[in-house]
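# Fold and contact review
Chain residues, written in single-letter form:
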Amino acid sequence: MSAQTQIRRITAPQITARKSAEPIVCLTAYDAPTAAILDEYCDLILVGDSVGMVVHGLTTTVGVTLEMMIMHGQAVMRGSNKALVVVDLPFGYYEDSPERAFHSAARVMRETGCQAVKIESGSYAAETIAYLVERGIPVMSHVGLRPQSMNVLGGFRARGRTQKVAEEIVENAIAAAEAGSFAVVVEGVSAEIADKVTQAVSIPTIGIGASAGCDGQILVTPDMLGLFHRVPKFVKKYANMQDIIHKAVETYANDVKERAFPGEENTYKFSK
Ligand code: KIV
């Protein structure tokens, strides 16, 4: 790439420097055209393993593969040129050893060009985070409701209803921060727990179903655009894409049936 075409993106250290400063705007993306729109407004775009549920129709994120993440990561990188792009490591590709996590993360970064990965961080994760960061891989952690563990947790319910679990969440975030994460996603917890985490760590907290006091916010983009009728309580719908698409496709179907489409303006005429 020549110096002229070199892309200058927001970096992981720049995100870390935003702790307790201007709120960090984050959303998920899985394709190039959506990434191009988000890039104008977002500091960080996450290629979340939520792709399995909101794009591929899976019921959980457990079935998402590294190859899926790489394909969607490549698309998001092609569509964006300003935001920091973070790609999720999916279930089964990082938990059992730091070495495995390194190979998965290095492959994702090499094949997509993204600048960081995200891992869901239980108590076991600190060693892996330190291992990755020491070897040049910026890591965003994810505590609280960890969707990849939904089979152990018993579903997608908010976390931290007991003192013990609430303390564990704060401890996991502190361990993830001390191990070198550049930011931590805090999902599906009470505002009180989110605020405790935000005060306890020196890195930015990115809330989803957490607290307005977090250092930034993230939502799953198809949820906030209203592509689905049923969304978690914490989602605010900023549009109603499902109704918009229904209306457009219904109108198209009627036009086709009535031969109203294609019209003159959509038809080629070659002059002789
Ligand atoms: O996969 C995802 O989209 C995520 C967000 C919910 C933070 O992890």
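This text follows the structure it describes.
Scoring rules and cut-offs
Residues numbered from 1 in each chain as written. Predicted model: local features only at pLDDT ≥ 70, side-chain atom pairs only at ≥ 80, totals over all residues. Heavy atoms only, no water. Helix = DSSP H or I, 4+ residues; strand = E, 2+ residues; numbered from the N terminus. Rg over C-alpha atoms; globule rule 2.2 N^0.38 Å. Buried < 20%, exposed > 50% of the residue type's maximum accessible area, 1.4 Å probe, protein only. Contact = heavy atoms within 4.5 Å. Areas by Shrake-Rupley, 256 points an atom, 1.4 Å probe, with all protein chains shown as cover. Lys, Arg positive; Asp, Glu negative; His and termini not counted. Charge placed at Lys NZ, Arg CZ, Asp CG, Glu CD. Core = buried A, V, L, I, M, F, W, Y, C linked by side-chain atoms within 4.5 Å. Near = heavy atom within 4 Å. Polar contact = N/O pair within 3.5 Å; in protein donor to acceptor, adjacent residues only side chain to side chain. Nonpolar A, V, L, I, M, F, W, Y, C, P; charged D, E, K, R; others polar. Phe/Tyr/Trp six-rings, centres within 6.5 Å; stacked < 30°, edge-to-face > 60°. Pairing = 2+ DSSP bridges. Axes fitted to C-alpha atoms, helices over the stretch in contact; angles between N-to-C directions. Right-handed = clockwise from strand over helix to strand, strands pointing away. Patch = residues over 30% accessible without salt bridge, like charges linked within 9 Å, V, L, I, M, F, W, Y side chains within 5 Å. Salt bridge = Lys/Arg side-chain N within 4 Å of Asp/Glu carboxyl O. Disulfide = S-S within 2.5 Å.

## Focus: the overall build of the protein
Per the secondary structure count, the protein includes 11 helices and 8 strands. By the compact-globule yardstick of 19 Å for 272 residues, the protein fits well, its C-alpha radius of gyration being 20 Å. Projected onto the principal axes, the alpha-carbon positions of the protein cover approximately 75 × 50 × 35 Å. Out of the 272 residues belonging to the protein, those deemed buried represent 49%. Taking contacts inside the protein between residues at least 6 apart in sequence as the whole, the part at least 24 apart equals 57%. Entry remark: accessible area of the protein is about 14300 Å², with carbon and sulfur atoms responsible for 56%. Counting 26 positive and 30 negative side-chain charges, the protein places the averaged centre of each group 3 Å from the other.

## Considering the nonpolar core
In this structure, V117 and F182 are the most contacted members of the largest nonpolar core, which totals 58 residues. No other element matches the 6 residues that helix α4 (residues 66-79) contributes to this core. Apart from residues lying up to four places away in sequence, F182 is in contact with A12, I15, T16, L44, L84, V86, A116, P138, V139, M140, I203 and P204.

## Details of the site of the ligand
The immediate surroundings of the ligand are formed by T28, L46, G48, D49, S50, D88, K118, H142, V185, E187, I208 and V220. In the model, an oxygen atom of the ligand is placed 3.0 Å from a nitrogen or oxygen of the D49 side chain. In this structure, an oxygen atom belonging to the ligand sits 2.5 Å away from a side-chain N or O atom of S50. Across the shell around the ligand, the residue classes tally to 4 nonpolar, 4 polar and 4 charged.

## Some words on the packing of aromatic side chains
For the structure on display, the rule yields 3 aromatic pairs. Note on Y268 and F270: the rings are 6.1 Å apart at their centroids and 15° apart in plane angle, and the pair reads as stacked.

## Description of the side chain of T28
If you trace the backbone, T28 turns up in strand β1 (residues 24-28). Within polar-contact distance, the side chain of T28 engages the side chain of Y30 at 2.8 Å. Those residues in contact with T28, other than ones at most four positions away along the chain, are L38, I45, L46, S50, I218, L219, V220, T221 and P222.

## Quick look at the environment of K247
Along the chain, the position of K247 falls in helix α11 (residues 241-257). Looking at K247, the relative accessible area reads 57%, which means it is exposed. With 81 residues separating them along the chain, K247 and A166 place their C-alpha atoms 45 Å apart.

## A word on the sheet that holds β1
The strand order around the closed barrel built from 8 strands is β1-β2-β3-β4-β5-β6-β7-β8, with neighbouring strands paired in parallel fashion. Here the strands of the sheet are splayed against their neighbours by 25° on average, with no regard to which way each runs. Bridge analysis of strand β2 (residues 44-47) against strand β3 (residues 84-88) gives 4 bridges, and the strand direction is parallel. If you follow I45 over to β3, its bridge partner there is V85. Across the face of the sheet, helix α6 (residues 126-134) comes into contact with β4 (116-120) and β5 (139-144) while running at roughly 165° to β5.

## What about the pairing of β3?
Counting buried positions along β3 yields 5 of 5 residues, so the element is predominantly enclosed. Because side chains alternate across β3, one face comprises the buried residues L84, V86 and D88, and the other comprises V85 and V87, equally buried. Read from β3 through helix α5 (residues 98-112) to β4, the crossover connection turns out right-handed.

## Description of a nonpolar patch on the surface
Taken together, the side chains of Y252, V256 and F261 define a hydrophobic patch exposed on the protein surface, amounting to about 280 Å² of accessible area. Secondary-structure assignment places V256 in helix α11.

## Thoughts on the state of the cysteines
What the rule picks out here adds up to 0 disulfides. Looking at C214, it has no disulfide partner, and the nearest cysteine sulfur is the one in C26, 11 Å off.

Read these as geometric descriptors, not functional statements.
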